[in-house]
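Results of the structural survey
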Amino acid sequence: VPHLKIENLHVSVEGKEILKDFNLEIKGGEFHAIMGPNGTGKSTLASAIMGHPKYEITSGSVSIDGEDVLEMEVDERAQAGLFLAMQYPSEISGITNADFLRSAINAKREEGDEISLMKFIRQLDKKMELLDMDESFSHRYLNEGFSGGEKKRNEILQLLMLEPKFAILDEIDSGLDIDALKVVSKGVNEMRSENFGCLIITHYQRLLNYITPDKVHVMMQGRIVKSGGAELAARLEAEGYDWIKAELGIED
Ligand code: ADP
Ligand code: MG
Ligand code: MG
């Protein structure tokens, strides 16, 4: 099964160290959640793994199946099986959703082994139905004029179509009403298999009522300070983070 390993990761933004000795391993079949107060470095983790140029990795390693991710260009990371849903997905003018998806799928395949148009359309129809997405969506320009909820839904469509080994989903629940949250969760749950591992970053426990994590990690001040099962998320929702700070002697 696929294996994502983050070891002793230190990341700085504009000269300030944000991630401090971050460690995490995820195997295929596992869903992990990271929770933590605002400003603790959760999105920095996602951006650094994606290869965002603003995030400087000062030490540590990230690998998929033993392959060094940090050495790869951004598109190579996707080809290696990484998928990142960002907190603020960008708009791309002039490219329809369907075109974008088909070229993203083909970029991951060998030359000469491109997905046939028929097969692509069949898969797209199936996944869009699962996500209650209107057919017109595939012909619209990528993210252009999409509502917040539509963007999130569209990211999950990308996830289902691209079938990565690992996904990092950063606050896919933010700004969603309950119906959209259920649909997005259904899509993520549909990915469950031993060939897929997922890291769900969220500020709120609500999402984890719909996507049950195998492990929950609490992140504070740039590192994981506590790990547990799904019950840890429930306790955080009820009691906040103060008890963990007290336990660890952390002051804000
Ligand atoms: P979280 O996602 O946990 O809320 P972030 O990773 O967004 O936290 O932010 C962690 C810290 O890093 C914050 O102090 C934030 O201001 C800083 N930071 C993150 N990204 C940037 C950036 N692009 N430019 C400047 N500071 C940043
Ligand atoms: Mg934040
Ligand atoms: Mg964030």
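Relevant structure appears above.
The present account deals with the structure reproduced in this document. Because the structure is a prediction, the values reported are computed rather than measured.

Turning to the overall build of the chain, a few remarks are in order. When helices and strands are tallied, the chain shows eight helices and 10 strands. Against the globule reference of 18 Å for 252 residues, the chain gives a C-alpha radius of gyration of 18 Å, in line with a compact fold. When the backbone C-alpha atoms are referred to their principal axes, the chain occupies close to 60 × 40 × 35 Å. Here the analysis covers contacts within the chain between residues at least 6 apart in sequence; of these, 71% occur between residues at least 24 apart.

On to the sheet that holds strand 1 (residues 3-13), then. As summarised here, the arrangement of the four strands in space is 2-1-4-5, forming an open sheet in which the pairing is antiparallel. With one partner strand each, in any of the chains shown, strand 2 (16-27) and strand 5 (67-68) form the two edges of the open sheet. Bridge analysis of strand 1 against strand 2 gives eight bridges, and the strand direction is antiparallel. Following the sheet pairing, Leu9 is matched in strand 2 by Phe22.

Okay, the site of ligand 1 next. Lining the immediate environment of ligand 1, one finds Val13, Glu14, Ile18, Gly36, Asn38, Gly39, Thr40, Gly41, Lys42, Ser43, Thr44 and Lys54. Per-element accounting of the shell around ligand 1 gives the leading share, three residues, to helix 1 (residues 42-50).

A few words on the environment of Leu157. One can find Leu157 in helix 5 (residues 148-162). Leu157 sits in the buried class, given 21 other C-beta atoms within 10 Å. Separated by 30 residues in sequence, Leu157 and Lys127 place their C-alpha atoms 6.6 Å apart. With sequence-adjacent residues up to four places away left out, Leu157 is seen in contact with Lys127, Met128, Leu131 and Met133.

Time to look at the sheet that holds strand 7 (residues 166-170). Sheet architecture is open: six strands sit in the order 6-7-8-3-9-10, paired in mixed fashion. Among the strands making up the open sheet, the edge pair consists of strand 6 (82-85) and strand 10 (223-228). With direction set aside, neighbouring strand axes in the sheet form an average angle of 20°. By the bridge criterion, five bridges tie strand 9 (residues 215-220) to strand 10 in an arrangement that is antiparallel. In the sheet register, Met220 faces strand 10, and the bridge partner there is Arg223. Along the sheet, helix 1 makes contact with strand 3 (31-35), strand 6, strand 7, strand 8 (197-202) and strand 9, crossing strand 7 at roughly 140°. On the sheet, helix 7 (residues 230-239) packs against strand 3, strand 9 and strand 10 and is oriented at approximately 45° with respect to strand 9.

We now examine the environment of Lys186. Within the secondary structure, Lys186 sits in helix 6 (residues 178-190). Sequence separation of Lys186 and Leu130 is 56 residues, and the distance between their C-alpha atoms is 8.1 Å.

With 57 residues, the main nonpolar core has Ala167, Ile168, Leu169, Cys198 and Ile200 as its most contacted residues. If we ignore the near neighbours within four places in the chain, the residues touching Ile200 are Phe31, Ala33, Leu169, Leu207, Ile211 and Pro213.

In the case of a regular strand, side chains alternate between the two sheet surfaces. Here four bridges tie strand 3 to strand 9, and the two strands are oriented parallel to one another. Counterpart to Ala33 in the pairing with strand 9 is Val216. If you look at the hairpin formed by strand 9 and strand 10, you'll find two residues sitting between the two strands, and Gln221 has a positive phi there, around 50°.

As a packed pair, helix 4 (residues 117-130) and helix 5 sit with axes 10 Å apart at the nearest point and diverge in direction by 135°. Regarding the angle of helix 4 to helix 5, the classification is oblique. Along this stretch, helix 4 crosses helix 5, giving a crossing that reads as right-handed. Across the interface between the two elements, Gln123, Leu124, Lys127 and Met128 of helix 4 pack against Leu157, Leu160 and Met161 of helix 5. The residue makeup of the contact of helix 4 with helix 5, split by class, is five nonpolar, one polar and one charged.

Quick look at helix 6 now. Residues spaced three or four apart along an α-helix point in a common direction, a consequence of the helix completing one turn every 3.6 residues. Here helix 6 spans 18 Å end to end across 13 residues, near enough to the 18 Å set by a 1.5 Å rise per residue. Listing the buried residues of helix 6 in full gives Leu181, Val184, Ser185, Gly187 and Val188. With its buried residues spanning 155° around the axis, helix 6 presents them on a single face. Check the buried side of helix 6 and you find it contacts helix 4, helix 5 and strand 8.

What counts, and where the lines are drawn
Residues numbered from 1 in each chain as written. Chains lettered and ligands numbered in written order. Predicted model: local features only at pLDDT ≥ 70, side-chain atom pairs only at ≥ 80, totals over all residues. Helix = DSSP H or I, 4+ residues; strand = E, 2+ residues; numbered from the N terminus. Rg over C-alpha atoms; globule rule 2.2 N^0.38 Å. Contact = placed C-beta atoms within 7 Å. Pairing = 2+ DSSP bridges. Near = placed C-beta within 6 Å. Buried ≥ 20, exposed ≤ 12 C-beta atoms within 10 Å, placed from the backbone. Axes fitted to C-alpha atoms, helices over the stretch in contact; angles between N-to-C directions. Core = buried A, V, L, I, M, F, W, Y, C linked by C-beta atoms within 7 Å. Parallel < 35°, antiparallel > 145°, perpendicular 65-115°, else oblique. Left-handed = near helix turned anticlockwise from the far one by under 90°. Nonpolar A, V, L, I, M, F, W, Y, C, P; charged D, E, K, R; others polar. Expected span 1.5 Å × (residues − 1). Arc of directions from axis to C-beta.

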